[in-house]
Amino acid sequence: MRCPFCSNDNDKVIDSRVSKDGKSTRRKRMCNVCGNRFSTVETVVVLSPLIVKKDGRRESFDRQKILNGIIKACEKRPVPYYGIEEMVQSVERWIDEINLKEIKSEDIGKFVLNKLKSLDAISYIRFASVYLSFKDINELYENVSELIRKQS
Ligand SMILES: [Zn+2]
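On a predicted model such as this, the values are computed, not experimentally measured, just so you know.

S.K.: What am I meant to see in the pattern of salt bridges here?
M.R.: Side-chain pairs of opposite charge can arise whenever the charged atoms involved come near each other. Using the criterion set out here, one finds 11 salt bridges in the structure. Between Asp15 and Arg17 there is a salt bridge, with its nearest N and O atoms 3.1 Å apart. Notably, a salt bridge pairs Lys65 with Glu59, separated by 2.8 Å at the nearest N-O pair. Within this structure, Lys53, Glu59 and Lys65 form a network of salt bridges that share partners.

Next up, the structure:
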């Protein structure tokens, strides 16, 4: 850390204390060049929400993973790449807007499904079978029937 007194980048930490709420750490430092003391505060910066998976495990938001999932669902379907890219962007915008620390992977799946529904029915079913993990063929059938009802 650059010393605010002499601007040299040569200091040592002489004390380190975690705040009462555990959300930040204050470090007392001493400049090795001029001997002046100063403090720095370190806090956690959350860049994107954690994704909560069905089994409760958490992982960081992975744009590529969502993109790959949609590409796979749209394989050999008449869905243009920019449509897929746009969908991933709208997922990112949505996550940004709701501004939560954690989001269920299921909710992201549903968001994508809503978009896919109007884009391509086959891709929708493929994606749904992965993300909604249908219990059995009946559940899949119900989903398809509903889709057909809405289209006709
Ligand atoms: Zn200094």
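S.K.: Sorry if this is basic, but what is going on with the packing of helix 2 (residues 81–98) against helix 3 (residues 105–119) here?
M.R.: The contact between helix 2 and helix 3 brings their axes to 10 Å, and the two run at 140°. By the angle class used here, helix 2 and helix 3 are oblique. Handedness of the crossing formed by helix 2 with helix 3: right-handed. In contact with Met87, Ser90, Val91, Trp94 and Ile95 of helix 2, helix 3 contributes Asp107, Ile108, Phe111, Val112, Lys115, Leu116 and Leu119. Among the residues making up the contact of helix 2 with helix 3, the classes are represented as 9 nonpolar, 1 polar and 2 charged.

S.K.: Can you help me understand helix 3 in this one?
M.R.: Taking 1.5 Å as the rise per residue, helix 3 with 15 residues should run 21 Å; its terminal C-alpha atoms sit 21 Å apart, in good agreement. Of all the residues in helix 3, the buried ones are Ile108, Gly109, Phe111, Val112, Leu113 and Leu116.

S.K.: Which parts of the structure should I look at to understand the sheet that holds strand 4 (residues 50–52)?
M.R.: Backbone hydrogen bonds are what pair the strands of a sheet, in a parallel or an antiparallel way. Taken together, 3 strands build an open sheet; the order of strands is 5-4-6 and the sheet is mixed. The open sheet has two free edges, formed respectively by strand 5 (58–60) and strand 6 (102–104), since each of these has just one partner strand. The sheet shows a mean angle of 35° between the axes of neighbouring strands, taken without regard to direction. In this sheet, strand 6 lies alongside strand 4 in parallel orientation, the contact comprising 3 bridges. Within strand 6, the residue paired with Ile51 across the bridge is Ile103. With respect to the sheet, helix 3 is in contact with strand 4 and strand 6, its orientation differing from that of strand 6 by roughly 60°.

S.K.: Would you explain the packing of aromatic side chains in this entry?
M.R.: The geometry of an aromatic ring pair is captured by two quantities: the separation of the ring centres and the angle between the planes. Inspection of every chain in the model, using the stated rule, returns 1 aromatic pair. Aromatic pair Trp94 and Phe111: ring centres 4.6 Å apart, planes at 15°, arrangement stacked. Here Trp94 is found in helix 2, whereas its partner Phe111 is found in helix 3, with 17 residues between them in sequence. Phe111 matches Trp94 in its accessibility class, with the two residues each being buried.

S.K.: I'm lost on the domain arrangement of the protein in this one. Help?
M.R.: Many structure descriptions define interface size as the accessible area lost when the parts assemble. Each domain of the protein was delimited in the assignment, giving domain 1 (11–43) and domain 2 (50–151). The gap between the C-alpha centroids of domain 1 and domain 2 is 45 Å.

S.K.: Is there a simple way to explain the coordination of the zinc ion in this structure?
M.R.: In ideal tetrahedral geometry, four donors around a metal make angles of 109.5 degrees, whereas ideal octahedral geometry with six donors gives angles of 90 or 180 degrees. At 2.3 to 2.4 Å from the zinc ion lie its protein donor atoms, namely Cys3 (SG), Cys6 (SG), Cys31 (SG) and Cys34 (SG). One way to put it: the 4 donor atoms around the zinc ion meet at angles of 106 to 114°, and that makes the site tetrahedral. Residue classification places Cys6 among the partly exposed positions, given a relative accessible area of 27%.

Analysis parameters
Residues numbered from 1 in each chain as written. Predicted model: local features only at pLDDT ≥ 70, side-chain atom pairs only at ≥ 80, totals over all residues. Heavy atoms only, no water. Salt bridge = Lys/Arg side-chain N within 4 Å of Asp/Glu carboxyl O. Axes fitted to C-alpha atoms, helices over the stretch in contact; angles between N-to-C directions. Helix = DSSP H or I, 4+ residues; strand = E, 2+ residues; numbered from the N terminus. Parallel < 35°, antiparallel > 145°, perpendicular 65-115°, else oblique. Left-handed = near helix turned anticlockwise from the far one by under 90°. Contact = heavy atoms within 4.5 Å. Nonpolar A, V, L, I, M, F, W, Y, C, P; charged D, E, K, R; others polar. Expected span 1.5 Å × (residues − 1). Buried < 20%, exposed > 50% of the residue type's maximum accessible area, 1.4 Å probe, protein only. Pairing = 2+ DSSP bridges. Phe/Tyr/Trp six-rings, centres within 6.5 Å; stacked < 30°, edge-to-face > 60°. Domains from an automatic or database assignment. Donors = N, O, S within 2.8 Å, 3.2 Å for Na, K, Ca; no water. Tetrahedral: all angles 85-135°; square planar, octahedral: opposite > 155°, others 65-115°.

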